[in-house]
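# Residue-level structural notes
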Amino acid sequence: MNSTEIGRRTGTEIGIAGRPAGLELPVSALAGVGTRPFGVYVHVPFCATRCGYCDFNTYTAGELGSAASPQSWLEGLRRELDAGARLLTESGRPAPAAETVFVGGGTPSLLGADGLAQVLDAIRDSFGLAPGAEVTTESNPESTSTEFFSSIREAGYTRVSLGMQSAAPHVLAVLDRTHTPGRPVAAAKEARAAGFGHVNLDLIYGTPGERDADLDASLDAVLEAGVDHVSAYALIVEDGTALARRVRRGELPAPDDDVLASRYERIDARLADAGMTWYEVSNWAKADDPSARCAHNLGYWDGGDWWGAGPGAHSHVGGVRWWNVKHPARYASTLADGVLPVAGSEHLTAEDRHTELVMLTVRLRTGLPLSELDDGEREAAETVVADGLAVERDDHLVLTDRGRLLADAVVRTILLGADD
């Protein structure tokens, strides 16, 4: 089968007990399996409620009804992971052990500690875990406890990422977040007390109605929690969300770009004063501890391989990307029929991979390798430097503080330079 047919097989003539149907990877993609960073992402599609700004592939119990359940999802997950490990053995090597695991969603903590332990056991039983693997789960602060953190730590999780968004009640109300403002800090402290050395808190800034004082209060709470990692994202109003409908009706103003830039600078300054440094435009970690950085996400940004398991999850191996069907019921039933639940795929061209390299590495503190640029792009990079948006350091193009605010514009300038 040639590369244009990848992901289009839907027949069940080859059962999941043998070579898994539903996906074929070309020799070129399999050739480097095991030599590149490899991670496993697991998508948990369940949420107690739907946040107004969220456009992720998630479902509440009312939306699913009896069509799917955590148990049917877990059975499908085991089948997919087993099939994936068998597929990657076609490289001629054993399936790569997961160097990183990230369980996201959705709300993984709704599975409870036992459910998360079963997820990790399924990965151990299929791909296996590399020695010293980083194993992260996202959690909603309201569905965690001291006992929860102790149990998942014992199960093998090494890192926790908690959704905080804001410490201001009126900001949480606009976002339709249900947790109480003080709960994320308490949860972070419980996780640390349970033995987690690496704890992340997520912030969202620029929500309509948020004031500078509200952001300062959120940053005060983050620093009080004593976490070693912070992710902070500007609010994006995604089409199809409840928040987008409110903005469209004029109930709420759209986020203001100048305000977003000011808030970003405020976050960066406070975290830097606290001994944290940015390593990706939206992520900060303790400056004196490289292990505080999220190795799983670095695998994405550095062009590694990963198997994305679960409804709607995306995978990438050797320049081939594919994604799963979105609905949990169809996901589980497809796997029960012995077929990988692939909804679509693409074989990245050399140009595609170059574009993604520029887009991703320019956002990293280590910067974009200048050796990867052609003559036109090098000339465009010199323009970026002249404009004060980046500097050349150790043969890499590294964003300045101002450049971080205009990272997307920097990418466009470099890539368009190749066409001029």
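Residues take numbers from 1 onward in each chain, read along the sequence in its written order. This being a predicted model, a pLDDT of at least 70 is required before a residue's local features are given, and a value of 80 or more before pairs of side-chain atoms are given or counted; all residues contribute to the totals for chains, interfaces and linings. With hydrogens and water set aside, each side-chain value is computed from the structure's full complement of heavy atoms.

### Things to note about the domain arrangement of the chain
Domain boundaries assigned for the chain yield domain 1 (27-302) and domain 2 (349-419). Computed over C-alpha atoms, the centres of domain 1 and domain 2 are 28 Å apart. Of the residues lining the interface, 15 residues belong to domain 1; the matching set on domain 2 comes to nine residues. Buried area: the accessible surface (1.4 Å probe) lost by two parts on joining, summed over both. If you sort the residues of domain 1 by the area they bury against domain 2, W278, V281 and W301 come out on top, with a joint share of 51%. For this document, the term salt bridge refers to a Lys or Arg side-chain nitrogen within 4 Å of an Asp or Glu carboxyl oxygen. Run the count over domain 1 and domain 2 and you get two salt bridges. Here E280 makes a salt bridge to R363, at a shortest N to O gap of 2.7 Å. The term polar contact refers here to a pair of N or O atoms within 3.5 Å; inside protein, the definition further demands a hydrogen-donor-capable atom paired with an acceptor-capable atom, and it admits residues adjacent in sequence only when both atoms are side-chain atoms. Here domain 1 is connected to domain 2 by eight residue pairs in polar contact (both at pLDDT 80 or more). Throughout the structure description, domain borders are defined by an automatic or database domain assignment. Two residues qualify as a contact provided that any one of their heavy atoms is within 4.5 Å of a heavy atom in the partner residue.

### Section: the pairing of strand β2 (residues 98-105)
Here the term buried applies to any residue with accessible area under 20% of the maximum for its type, exposed to any over 50%, and partly exposed to those in between, with areas from a 1.4 Å probe on protein chains only. Under the DSSP-based scheme used, a helix requires at least four consecutive residues in state H or I and a strand at least two consecutive residues in state E, with every element numbered from the N terminus. Among the eight residues that make up β2, seven are buried, leaving the element largely enclosed by the rest of the structure. Following DSSP output, two strands are said to pair if at least two bridges run between them. By the bridge criterion, six bridges tie strand β1 (residues 38-44) to β2 in an arrangement that is parallel. Considered in β2, the bridge of G39 is made with T100. In this structure, β2 lies alongside strand β3 (residues 129-139), joined through five bridges in parallel fashion. Looking at the pairing, A98 lines up with L129 of β3.

### Section: the nonpolar core
To form a nonpolar core, buried Ala, Val, Leu, Ile, Met, Phe, Trp, Tyr and Cys residues must be joined to one another through side-chain atoms within 4.5 Å. Counting 97 residues, the largest nonpolar core has W73, V119, F149, Y157 and W307 as the members making the most contacts within it. Element by element, the count of residues in this core is highest for helix α3 (residues 70-88), at eight residues. Both domain 1 (27-302) and domain 2 (349-419) contribute no fewer than three residues apiece to this core. Among residues more than four places away in sequence, those in contact with W73 are V42, H43, V44, P45, F46, L111, V119, G310, P311 and Y331. The next biggest cluster of nonpolar side chains, apart from the first, holds eleven residues, and it includes C51, A168, V174 and L252.

### Description of the packing of aromatic side chains
Two rings from Phe, Tyr or Trp (for Trp, the six-membered ring) form a pair when their centres sit within 6.5 Å of each other. Planes less than 30 degrees apart are called stacked, planes more than 60 degrees apart edge-to-face, and all others tilted. The full count for this structure, using the stated rule, is ten aromatic pairs. Measuring from ring centre to ring centre gives 6.4 Å for Y41 and F102, while their planes differ by 25°; the resulting arrangement is stacked. Remark: F102 occurs in strand β2 and Y41 occurs in strand β1; sequence separation between them is 61 residues. The exposure classification of Y41 matches that of F102, with both residues buried. Measuring from ring centre to ring centre gives 6.1 Å for F46 and W73, while their planes differ by 80°; the resulting arrangement is edge-to-face. Residue F46 is found in the loop between β1 and α2 (61-64), and its partner W73 is found in helix α3; the two are separated by 27 residues along the sequence. Here the two residues F46 and W73 agree in accessibility, since each one is buried. Members of the aromatic cluster, each reached through a chain of ring pairs, are F38, F127, W307 and W322. Above the face of the F196 ring, R153 is positioned so that its terminal group lies 5.6 Å from the ring centre. The criterion is that NZ of a Lys, or CZ of an Arg, lies within 6 Å of the ring centre and within 35 degrees of the ring normal, and then a charge sits over that ring.

### Remarks on the packing of helix α4 (residues 112-126) against helix α5 (residues 146-155)
Packed helix pairs are specified by the crossing angle of their axes together with the interaxial distance, meaning the distance between the axes. For the pair α4 and α5, the least separation of the axes is 9 Å and the interaxial angle reads 15°. Considering the angle they form, α4 stands roughly parallel to α5. Seen from above, α4 lies across α5 with right-handed handedness. Of α5, the residues touching α4 (which contributes G112, A113, L116, A117, L120 and R124) are F148, S151, I152 and A155. Residues that form the contact of α4 with α5 fall into these classes: seven nonpolar, two polar and one charged. Helix axes are fitted only over the stretch in contact, all axes being lines through C-alpha atoms; the angle between N-to-C directions runs from 0 to 180 degrees. Oblique is the label for any angle not covered by the other classes, which are roughly parallel (under 35 degrees), roughly antiparallel (over 145) and roughly perpendicular (65 to 115). Crossing handedness follows the turn of the near helix against the far one: under a right angle anticlockwise gives a left-handed crossing, and clockwise gives a right-handed one. By the convention adopted, Pro, Cys, Tyr, Trp, Phe, Met, Ile, Leu, Val and Ala count as nonpolar, Lys, Arg, Asp and Glu as charged, and the other residues, Gly among them, as polar.

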